[in-house]
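Spelled out, the chains give:
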Amino acid sequence: MITASKSDAVSQDGLLPDLPNGPLSEYRRKASFNWKDMAMFLEDEDIIAFKNKIFSTLESDPLFYRQPGVDLPLEKYRELTFLRCKKIFEYNFLTFEATMEKPQKMLVLINCLGMYDWSLSTKYFLDTQVFGVAIGNTGSERHETILHQTQNMEIFGCLALTELSHGSNTKAIRTTARFDASTKEFILNSPDFEAAKFWVGNMGKTATHAVVYAQLYTSDGRCHGLHSFVVQIRNPKTLLPMPGVMVGDIGRKLGQNGLDNGFAMFHNVRIPYENLLNRTGDISSSGNYTSAYKDPKQRLGASLGTLSSGRVSIISMVVTNLKLAITIAIRFSATRRQFGPTEKEEIPVLEYQLQQWRLIPYLAAAYALDYFSVGFFFNLIELQIGILMKDRSPRQAELGKEIHALSCAGKPLASWTAQHGAQECREACGGHGFLAMNRLGDIRNDNDPNCTYEGDNNVLLQQTSNYLLGLVQSIHEDNAPCESPLGSIHFLNDYKTILKRKFTASTIRECLDCAVALDAYKWLVCYLLRESHDKLQQEKQRAANDFDARNNSQVYYCRSLALAFIEHTVLQRYYDYTHDPSTPGSLQPVLKKLCCLYGLWSLNKHIAVLYQGGYFAGELPGRIVQDAILDLCAQLKDDAVSLVDAIAPPDFILNSPIAKADGELYKNLWSAVLQGEKVLERPSWWPEFCCNKPVIGKPRSQL
Ligand SMILES: CCCCCCCCCCCCCCCCCCCCCCCC(=O)SCCNC(=O)CCNC(=O)[C@H](O)C(C)(C)COP(=O)(O)OP(=O)(O)OC[C@H]1O[C@@H](n2cnc3c(N)ncnc32)[C@H](O)[C@@H]1OP(=O)(O)O
Ligand SMILES: Cc1cc2nc3c(=O)[nH]c(=O)nc-3n(C[C@H](O)[C@H](O)[C@H](O)COP(=O)(O)OP(=O)(O)OC[C@H]3O[C@@H](n4cnc5c(N)ncnc54)[C@H](O)[C@@H]3O)c2cc1C
């Protein structure tokens, strides 16, 4: 095993306790680097100490005790999640001052609570952040009291945009808010049950207040489009609905069942006119409407801008799920033995090329996407600071657009990778992966809605391709450079030259340089941009209208473009990071391999387009890319256990008997099974078998 230097070891030992010896030790010994060095490179001491504090606090609090795999009744799970949420308020892990000092800790807290249980994390952050950020970003000074009340849990918040009959198409939201000049109030109404707010997290049982999106009407009957309002929906003293509000719970979901998702209908609900969140449009006490955004399309974009913070955060949340799933599958695969070269000796399933190829690319994806998600969160913080400072500069506007474009593809890429990864990990653990107590089912099911909420993945990708297609004109006019605050589109300045390039590597060895995949991605994005643009023009000529033309250009064109663009962005950022001279020499080789594997594995999914567009020609490119993927998996298999050790939470949080750090797969699983309630008891309904025998072919009367 590679050991850390003496001074590093001193600071590491306090923060990162040694892992127990056991069946995983052999792989740990074979690793090319020290897992503690890696952990401390990925996160600084302050963050690791913060995580340790959260984890150890939860572990020592009996309220957070849990029995692996136990399915609680819905009501009980909701209650427990609420009690735990209340406790998180009491622990106050992150003060306002600490957030301002190091905003990244917000993301760390979201993920630490999520690693414990996503229902708890989403419940807490929907209230304190999603509700809070919506008010902070789209409201003004007059809404500060509400924010304070949220922080003290005097009130409990939610964000209500979606309706029963409309989710993606936010323009078609039908809840109305009409200004009544005589009382200086807005009157909220749901025109019918199809316009009920629906799916809203926290609304089912707990929320007292909602940020409600509604069409704003002035008293002259004019509609000014979608705006958001703070609406009290329950009495905080009784949790009973406010007059005119019909509010309820939508029922059991496929995951995250500790969270109460709900519906609400409004019947002449009056709210003070000051409850309009007035950043994008305001109304004077006499009822005159004003807005800095003259173009209704721009106004819609501004009022939906707050959704970007959720989308950016979700990227990190889903990567957290991938990290949990891959930790379980790698530790299992390193300790589970099946078959072997001789009758006497069975080998760990991680030694099989097939198992490596199924899992190790997801490990690489977890590292690359994790790096992207944290860096992208910093970009969001920059945007947030600009919003708070009321920055109206063109740069701030461009930053908002670029973050919107990147988050609308970043969320799909990361949530799908986590979703497919969680399923692969489940299957890679065989039957034990299907046992609820081993947690892969919960990880998969709790991850799943990330593909839908904060915008359906397939719908969001269209926002990214729209952004890219909007650049085509400047690309064709050479004197108008492609520039953006985060630089994600700068390479498009070389569009014409890139399109002339071909794949030149001729050996596997050459492909092991990540620059090969990166160059291929640059070509792929330029090619798909050209093809999507051309397809759109053709469809415009053929179709009756632009609406049809756009819809008929999604599959194989705009959708692929958006995904290739975000994969390129993730890879470029990870490439720069892993190749940076400041990256420790002891870690650089393994990090470069992860980067290269992520690049080639992702690229391999586009192989048909690479051939179709002529970047690849002949058998060789396809073959050496695939061989390089297998080669990298084989090179990384001895590092895999240490790579997951560096990103794994403690056993209590991971909560999977087959993946404890001691690697005692069977002892841990067996003891968890035997500790289950009533495992050895006969069922309470045993007489149904033993006494009440069926008369075959004659069902008994139900009367
Ligand atoms: C120092 C400061 C420290 C502070 C630290 C704190 C930092 C913040 C931390 C935040 C933490 C957050 C915690 C997260 C915890 C998350 C828990 C998650 C739990 C689940 C939550 C679930 C909540 C929901 O699901 S809410 C409902 C979400 N619904 C949707 O997303 C609907 C999807 N549909 C849409 O958004 C739109 O309708 C869309 C995008 C499909 C567009 O439709 P349409 O075709 O009608 O319009 P367009 O013509 O395409 O668009 C018009 C125009 O607007 C632009 N635009 C749209 N959206 C945005 C945006 N978000 N930002 C910027 N611009 C936008 C669009 O690009 C168009 O512009 P053009 O220039 O005209 O092209
Ligand atoms: C667990 C969970 C929690 C949620 N929490 C909240 C919350 O707190 N607050 C809130 O307001 N909302 C919430 N939502 C709602 C969520 O934001 C919506 O489900 C989401 O925006 C998608 O809308 P939809 O469900 O109406 O799907 P639809 O828009 O009806 O989409 C259905 C299908 O049609 C496809 N489709 C739609 N439009 C197009 C198009 N133009 N081109 C091609 N295909 C298209 C989609 O890809 C999708 O496959 C939550 C949802 C879930 C699952």
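Data block above holds the structure.
Everything quoted here is computed from the prediction, not taken from an experiment.

Looking only at helices and strands, one finds 28 helices and 11 strands in the protein chain. Taking 2.2 N^0.38 as the reference for a compact globule, 703 residues should give roughly 27 Å; the C-alpha atoms of the protein chain span a radius of gyration of 27 Å, in line with that estimate. In terms of overall dimensions, the protein chain has a C-alpha envelope of 90 × 80 × 70 Å along the principal axes. The 703 residues of the protein chain split such that 46% are buried. Put simply, of all contacts in the protein chain between residues at least 6 apart along the chain, 76% involve residues at least 24 apart.

Around ligand 1, the surrounding shell holds 39 residues, and the nearest of these are T170, G301, H404, Y453 and G455. Breaking the shell around ligand 1 down by element, the ones donating at least two residues are α6 (96-101), α7 (104-116), α8 (118-138), α10 (296-304), α11 (307-335), α12 (353-388), α13 (394-428) and α15 (457-469). Of the residues belonging to the shell around ligand 1, the class tally is 17 nonpolar, 19 polar and three charged.

This next bit is on the site of ligand 2. Neighbouring ligand 2 are 20 residues; L161, T162, G167, S168 and P449 lie closest to it. Secondary structure elements with two or more residues in the shell around ligand 2: β1 (157-160), β4 (197-201) and α15. Residue composition of the shell around ligand 2, by class: nine nonpolar, nine polar and two charged.

The subject of this paragraph is the environment of G470. Tracing the chain through its elements places G470 in the loop between α15 and α16 (472-476). Judged by C-beta crowding, with 11 C-beta atoms within 10 Å, G470 ranks as exposed. In this structure the C-alpha to C-alpha distance between G470 and H533, which are 63 residues apart in sequence, comes to 9.5 Å.

Of note in the backbone geometry, Y556 takes a positive phi value of approximately 70° without being a glycine. Tracing the backbone through its elements, the reader meets Y556 in helix α21 (residues 554-578). For N655, which is not glycine, the phi dihedral falls at a positive 60°. Its place among the elements puts N655 in the loop between α26 (651-654) and α27 (665-674). Among the residues examined, N655 registers 25 C-beta atoms within 10 Å and is labelled buried.

Another point: the sheet that holds strand β7 (residues 245-249). Here we have three strands laid out as an open sheet, ordered β4-β8-β7, and antiparallel in their pairing. Two strands close off the open sheet at either side, each with one partner strand: β4 and β7. Adjacent strand axes in the sheet meet at a mean angle of 30° when their direction is disregarded. Of the pairings in the sheet, the one linking β7 to strand β8 (residues 261-266) comprises five bridges and is antiparallel in character. Looking at the pairing, M246 lines up with M265 of β8.

Turning our attention to the packing of α15 against helix α19 (residues 514-542). Closest axis-to-axis distance for the α15/α19 pair is 10 Å, and the angle between their directions is 90°. Looking at the two axes, α15 sits roughly perpendicular to α19. Contacts between α15 and α19 involve S465, L468 and L469 on the former and, on the latter, L529, S532, H533 and L536. For the contact of α15 with α19, the class distribution of residues is four nonpolar, three polar and no charged.

Those residues of α27 that sit buried are L665, L669 and A672. The buried residues of α27 occupy an angular sector of 65° when projected down its axis, which confines them to one face. α27 presents W670, S671 and L674 as exposed residues on the side facing more than 90 degrees away from its buried surface. For α27, the secondary structure elements touched by its buried residues are α11.

Along the polypeptide, N169 turns up in the loop between β1 and β2 (176-180). The exposure class assigned to N169 is exposed, which follows from the 10 C-beta atoms found within 10 Å. Along the backbone, N169 and E427 are 258 residues apart, and their C-alpha atoms lie at a distance of 36 Å.

To continue, consider the pairing of strand β5 (residues 209-217). Burial of β5 is extensive: seven of the nine residues sit out of reach of the surface. In this structure, β5 lies alongside strand β6 (residues 223-232), joined through eight bridges in antiparallel fashion. Bridging across to β6, V212 finds its partner in F229. Here β5 hands over to β6 after five residues, with G221 in that stretch at a positive phi of 85°.

Turning to helix α14 (residues 440-447), a few remarks are in order. In terms of residue burial, α14 counts as a mostly covered element, since six of its eight residues are buried. By the burial criterion, the buried members of α14 are L440, D442, I443, R444, D446 and N447. Where α14 is buried, its residues meet α8, α11 and α13.

What follows deals with the nonpolar core. When a protein is soluble and globular, its nonpolar side chains tend to lie buried together. Among the nonpolar cores identified, the biggest contains 187 residues, and A160, A210, I326, L363, A368 and L597 are the most heavily contacted of them. No other element matches the 16 residues that α12 contributes to this core. In this structure L597 touches I360, P361, A364, I629, L632, C633 and L636, once residues within four positions along its chain are discounted.

Packing of α7 against α8 brings their axes to within 6 Å, and their N-to-C directions diverge by 145°. Touching I110, L113, G114 and Y116 of α7 are W118, L120, S121, Y124 and F125, all from α8. Residues belonging to the contact of α7 with α8 are distributed by class as follows: seven nonpolar, two polar and no charged.

Turning our eyes to something else, we now look at the environment of S284. Turning to its location among the elements, S284 is positioned in the loop between β10 (282-283) and β11 (289-290). By C-beta crowding, S284 is classed as exposed, having 10 other C-beta atoms within 10 Å. In sequence terms S284 and A181 are 103 residues apart; their C-alpha atoms lie 9.8 Å from each other.

What counts as what
Residues numbered from 1 in each chain as written. Chains lettered and ligands numbered in written order. Predicted model: local features only at pLDDT ≥ 70, side-chain atom pairs only at ≥ 80, totals over all residues. Helix = DSSP H or I, 4+ residues; strand = E, 2+ residues; numbered from the N terminus. Rg over C-alpha atoms; globule rule 2.2 N^0.38 Å. Buried ≥ 20, exposed ≤ 12 C-beta atoms within 10 Å, placed from the backbone. Contact = placed C-beta atoms within 7 Å. Near = placed C-beta within 6 Å. Nonpolar A, V, L, I, M, F, W, Y, C, P; charged D, E, K, R; others polar. Pairing = 2+ DSSP bridges. Axes fitted to C-alpha atoms, helices over the stretch in contact; angles between N-to-C directions. Parallel < 35°, antiparallel > 145°, perpendicular 65-115°, else oblique. Arc of directions from axis to C-beta. Core = buried A, V, L, I, M, F, W, Y, C linked by C-beta atoms within 7 Å.

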